[in-house]
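Notes for the structure review
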Amino acid sequence: MNKSIIIIILALGLALPLLAKGADIAQSYALEAQANYVGSLEIMRELAAADASEPFYQVRIAWLEYLLGRYERAISSYRKAISLRDNLDAHIGIINCHLALGDYRPTLNAADSLLAQHSGHTQLLGKAAYAAYMLKEHSRAADYYTRIIQLYPWDMEIRGYLVNNLYLAKRVDEARAEYRLLKKYFPQSGIVAQYKGVLE
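So, how was this worked out
Residues numbered from 1 in each chain as written. Predicted model: local features only at pLDDT ≥ 70, side-chain atom pairs only at ≥ 80, totals over all residues. Heavy atoms only, no water. Phe/Tyr/Trp six-rings, centres within 6.5 Å; stacked < 30°, edge-to-face > 60°. Helix = DSSP H or I, 4+ residues; strand = E, 2+ residues; numbered from the N terminus. Buried < 20%, exposed > 50% of the residue type's maximum accessible area, 1.4 Å probe, protein only. Lys NZ or Arg CZ within 6 Å of the ring centre and 35° of its normal. Expected span 1.5 Å × (residues − 1). Contact = heavy atoms within 4.5 Å. Polar contact = N/O pair within 3.5 Å; in protein donor to acceptor, adjacent residues only side chain to side chain. Arc of directions from axis to C-beta. Axes fitted to C-alpha atoms, helices over the stretch in contact; angles between N-to-C directions. Parallel < 35°, antiparallel > 145°, perpendicular 65-115°, else oblique. Left-handed = near helix turned anticlockwise from the far one by under 90°. Nonpolar A, V, L, I, M, F, W, Y, C, P; charged D, E, K, R; others polar. Salt bridge = Lys/Arg side-chain N within 4 Å of Asp/Glu carboxyl O. 1 Å grid on protein atoms, 1.4 Å probe; cavity = no way out; pocket = protein on both sides within 12 Å on 5 of 7 lines; lining within 4 Å. Points joined across faces, edges and corners; volume = space filled by probe spheres on them.

With that settled, consider the packing of aromatic side chains. Applying the stated criterion across every chain yields a total of 6 aromatic pairs. Ring geometry for tyrosine 145 against tyrosine 161: centres 5.5 Å apart, planes inclined by 40 degrees, an arrangement best described as tilted. Here tyrosine 161 lies in helix H9 (residues 156–168) and tyrosine 145 lies in helix H8 (residues 138–151), a separation of 16 residues in the sequence. Given the relative accessible area of 35%, tyrosine 161 is considered partly exposed. Taken together, the ring pairs connect Trp63, Tyr66 and Tyr71 into an aromatic cluster. It is arginine 60 that lies over the ring of tyrosine 29; its NZ or CZ is 4.0 Å from the centre.

Right under this line is the structure:
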């Protein structure tokens, strides 16, 4: 009987730290859901201090810093996560921070670098296209949107962006062809209304 009690006490002693850890991260998520990003971040910092080799904690810290508008700090945490374990989530997080800061050239460079390995990653293609658009590199933006359309031909929002960038790049014949498809499949698009007198 005494052996059974001792075994149970030992088992509980080993399990309690794991249960506490789970509760902490659960609490972090709960606080985030309540938009208490500072409180959520404090919990994640404590977890990261207790397990400095855990890349997920760094990604989560970076995400919470991003939500707080602390983009430079977020970039730093994403880089720390990458140093622990290279991961696409952190790379995309850095791109999101550059976009939020209006740093479109670093966004485009980072996206292009990642697209060399992940050529069909539509999230990367979309971020690269947006950065190129903001840099007024409309032909380049159109090329990214074309790559997305090749994968998802019925994404009419992307097709609208493609029409707009083709036209701004003075690739009018291509813009007209894409416009016709957009009008055929999604006539209520704002791009259809915008370009009606120009591309018909």
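In an α-helix, one turn spans 3.6 residues, which is why side chains three or four residues apart end up on the same side. Look at H9: 18 Å from first C-alpha to last across 13 residues, which is about the 18 Å you get at 1.5 Å a residue. Buried residues of H9: Met156, Ile158, Arg159, Gly160, Leu162, Val163, Asn164, Asn165 and Leu166, and no others. Next to the buried residues of H9 lie helix H7 (122–134), H8, helix H10 (172–185) and helix H11 (190–199). The backbone nitrogen of glutamate 157 lies 3.3 Å from a side-chain oxygen of the residue at the head of H9, namely aspartate 155. Trailing H9 by a residue or two, lysine 170 shows a phi angle of about 65 degrees, which is positive.

With that out of the way, let us pick up helix H4 (residues 71–84). Taking 1.5 Å of rise per residue, 14 residues should cover 20 Å, and H4 covers 20 Å from first to last C-alpha, within 8% of that figure. Among the residues of H4, those classed as buried are Ala74, Ile75, Ser77, Tyr78, Ala81 and Ile82. Relative to the axis of H4, the buried residues are bounded by an arc of 165 degrees and lie together on one face. More than 90 degrees from the buried face of H4, the exposed residues found are Glu72 and Ser83. Against the buried residues of H4 lie helix H3 (55–67) and helix H5 (88–101).

Let us now look at the packing of helix H2 (residues 37–50) against H3. Axis separation between H2 and H3 bottoms out at 9 Å; the angle between their running directions is 160 degrees. By the angle between their axes, H2 is roughly antiparallel relative to H3. Relative to H3, the crossing made by H2 is left-handed. In this structure, H2 uses Tyr37, Ser40, Leu41, Met44, Arg45, Leu47 and Ala48 to contact H3, whose residues at the interface are Tyr57, Gln58, Arg60, Ile61, Leu64, Glu65 and Leu67. Considering only residue class, the contact of H2 with H3 consists of 9 nonpolar, 2 polar and 3 charged.

To continue, consider the pattern of salt bridges. Evaluation of the coordinates by the stated rule reveals 11 salt bridges. Between aspartate 112 and arginine 140 there is a salt bridge whose closest N-O contact spans 2.3 Å. Of the two residues, aspartate 112 sits in helix H6 (residues 104–115) while arginine 140 sits in helix H8, which places them 28 residues apart along the sequence. Classification of aspartate 112 as partly exposed rests on a relative accessible area of 26%. Relative accessible area serves as the criterion here: at 28%, arginine 140 is assigned to the partly exposed category. We note a salt bridge from arginine 171 to aspartate 143, for which the minimum N-O separation is 3.1 Å.

Here we take up the layout of surface pockets. Looking at the largest pocket, its volume works out to about 190 Å³. Considering the residues around the largest pocket, the lining is formed by Tyr29, Phe56, Val59, Arg60, Trp63, Tyr78, Asp89, Ile92, Gly93, Asn96 and Gln123. When contributions to the lining of the largest pocket are tallied by element, the ones reaching two or more residues are H3 and H5. Here the residues of the lining of the largest pocket are counted per class, giving 6 nonpolar, 3 polar and 2 charged.

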